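Spelled out, the chains give:
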Amino acid sequence: MKKRFDLSAIPPGINVRSTIKKCLDFMNAHPDEPTPYLVMDKDRIARKARLIGRNIRRAEVYYAVKANTHPEILAMLHGMGLGFEIASGGELRGLLELGVPPEKIISSNPMKTEKFIAEAASAGVTHFSFDSRDEIDKLARLHPSCGVYIRLTVPNEGSEWPLSRKFGVETEEALALLIYAREKGIRPLGITFHVGSQCTNPYNWDMALSKAARLWEMARDAGLELSILNLGGGYPIRYTKDVAEIETIERRVDEQLARLFPPDIRIFIEPGRGMVGDAGIFVTSVHGTACRIDENWMYVDVGVFNGLMEGVGGIRYTWLSESSGPVTGQMKEWTLSGPSCDSFDVIDKGVRLPHPEVGDRMLVLGCGAYTTCYASEFNGFSIPKTILL
Ligand SMILES: *Cc1c(COP(=O)(O)O)cnc(C)c1O
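Being a predicted model, the structure only gives us computed values, none of them experimental.

This paragraph deals with the overall build of the protein. Counting its regular elements, the protein contains ten helices and 18 strands. For 389 residues, the compact-globule estimate of 2.2 N^0.38 gives 21 Å, and the protein sits close to it at 22 Å. The C-alpha extent of the protein, read off along each of the three principal axes, is 75 × 40 × 40 Å. Sequence separation of at least 24 residues holds for 72% of the intrachain contacts in the protein that already meet a minimum separation of 6.

The next point concerns the environment of Lys241. Turning to its location among the elements, Lys241 is positioned in the loop between strand E10 (228–230) and helix H9 (246–260). A C-alpha to C-alpha distance of 9.5 Å links Lys241 and Tyr317, two positions 76 residues apart in sequence.

Next up on the list: the packing of aromatic side chains. Aromatic ring pairs are described here by two measures, namely the spacing of the ring centres and the angle between the planes. Throughout the structure, instances matching the rule amount to eleven aromatic pairs. Ring centres of Trp216 and Phe261 lie 5.5 Å apart, and the angle between their planes is 90°; this geometry places the pair in the edge-to-face category. Of this pair, Trp216 sits in helix H8 (residues 203–221) while Phe261 sits in the loop between H9 and strand E11 (266–269), and the two are 45 residues apart along the sequence. Accessibility assignment for this pair places Trp216 and Phe261 in one class, buried. For the pair Tyr239 and Tyr317, a centre-to-centre distance of 5.5 Å together with 85° between the ring planes defines the contact as edge-to-face. Here Tyr239 is found in the loop between E10 and H9, whereas its partner Tyr317 is found in the loop between strand E13 (295–300) and strand E14 (319–321), with 78 residues between them in sequence. Note on accessibility: Tyr239 and Tyr317 belong to one class, buried. Taken together, Tyr62, Tyr149 and Phe268 form an aromatic cluster joined through their ring pairs.

In total, this model carries 20 salt bridges according to the counting rule given. Note that Glu60 is salt-bridged to Arg266, the shortest N-O span being 2.8 Å. Of this pair, Glu60 sits in strand E2 (residues 59–64) while Arg266 is found in strand E11, placing the two residues 206 residues apart along the sequence. The partner of Lys112 in a salt bridge is Glu135, with the nearest N and O atoms 2.9 Å apart. On the criterion of sequence distance, the pair formed by Lys112 in the loop between strand E4 (105–106) and helix H5 (114–123) and Glu135 in helix H6 (residues 133–142) is long-range, its members being 23 residues apart. For the pair formed by Lys112 and Glu135, the shared burial category is buried.

Another aspect to go through is the nonpolar core. Grouped together as the largest cluster of nonpolar side chains are 96 residues, with contacts concentrated most on Tyr63, Phe193, Leu229 and Trp319. Here this core takes eight residues from H8, the largest share from any one element. If near-sequence neighbours (up to four positions away) are discounted, Phe193 is found in contact with Arg151, Leu152, Val154, Trp205, Ala208, Leu209, Ala212, Leu229, Asn230, Leu231 and Gly232. If you look at the next biggest cluster of nonpolar residues, it comprises 17 residues, including Val16, Leu320, Leu365 and Ile387.

Conventions used here
- Residues numbered from 1 in each chain as written.
- Predicted model: local features only at pLDDT ≥ 70, side-chain atom pairs only at ≥ 80, totals over all residues.
- Heavy atoms only, no water.
- Helix = DSSP H or I, 4+ residues; strand = E, 2+ residues; numbered from the N terminus.
- Rg over C-alpha atoms; globule rule 2.2 N^0.38 Å.
- Contact = heavy atoms within 4.5 Å.
- Phe/Tyr/Trp six-rings, centres within 6.5 Å; stacked < 30°, edge-to-face > 60°.
- Buried < 20%, exposed > 50% of the residue type's maximum accessible area, 1.4 Å probe, protein only.
- Salt bridge = Lys/Arg side-chain N within 4 Å of Asp/Glu carboxyl O.
- Core = buried A, V, L, I, M, F, W, Y, C linked by side-chain atoms within 4.5 Å.

Shown next as structure tokens:
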């Protein structure tokens, strides 16, 4: 008997029903499509692209390309007028091939390779972040006409993917670096920060904005005329827990901006996960189960190495199973493992799912960001192909 996903069994709170429906329609129409594959819902991405930035006055949106680099997604966002945030020559070339003009491209990676700086300079990209003297020295040598914004450290508590340890400087150092840029002939343009990816604590933006506002005033007192505040990324999506709505976050940010900053400055935002994350669903198959001592193991064909790397960092996905039946349908707690032989390939533990049969399929929700672009072909398991619907 052919198994079916039961839409009525989808837990309450899941807000991507139309995407799940699209995915199931595709699966029914293409039952022989080999798993694993990633379904991306173009309508949901378009909806997000229209939503993000709408509630922040003067926001200019630069999609963080690293979240999902599929050329068709980039082309769609380009067609909708969005800009792009990049870190590498590879990302730059991908955008240039699509005809994205350089003024629609910025790079907020504070530590860029010399090779990339040279490439960005010859392509005409002019806006960069930095947080060190080394970076200014490189830019002064390779791209003296560019402008820079300083990466400030801000609290990342409540973000499931903190970034503040790797980049950013404190306020005093930030001011000194902006002044250093000016001395070296590089235009100091503004300030940036990143509240952490999958930021589930809206208060992080408040703290970041007041810290940035203090630096803005100090810069003004030092004779620097800043014009850009770049709010970075961090908008969350729903994995297994409810998160703040983007509208709620943006309204709050907009109020703070009006209160703390001059009214005529440029505001950049750089959403990655928030733009594409909940538009993606992995379709995967179970290829075995085992009980080891007292732990139930389930092995599926997408794992840590070929798509679900963020599981290791603590992202907990929602899994939907088509498994049912009196014996095999019994609910248990599972340790979910990918297909490789490496013991690092454990996606999650304690996930309640029915006992499957070999070959049963599962959907993994919220897989549009930081999955296929993170993946490798380790152990000979291919990177899942993307199907845009
Ligand atoms: C990765 C990154 C982003 C996107 O972050 P999300 O949390 O996915 O929105 C934005 N800006 C910079 C500088 C980044 O490195």
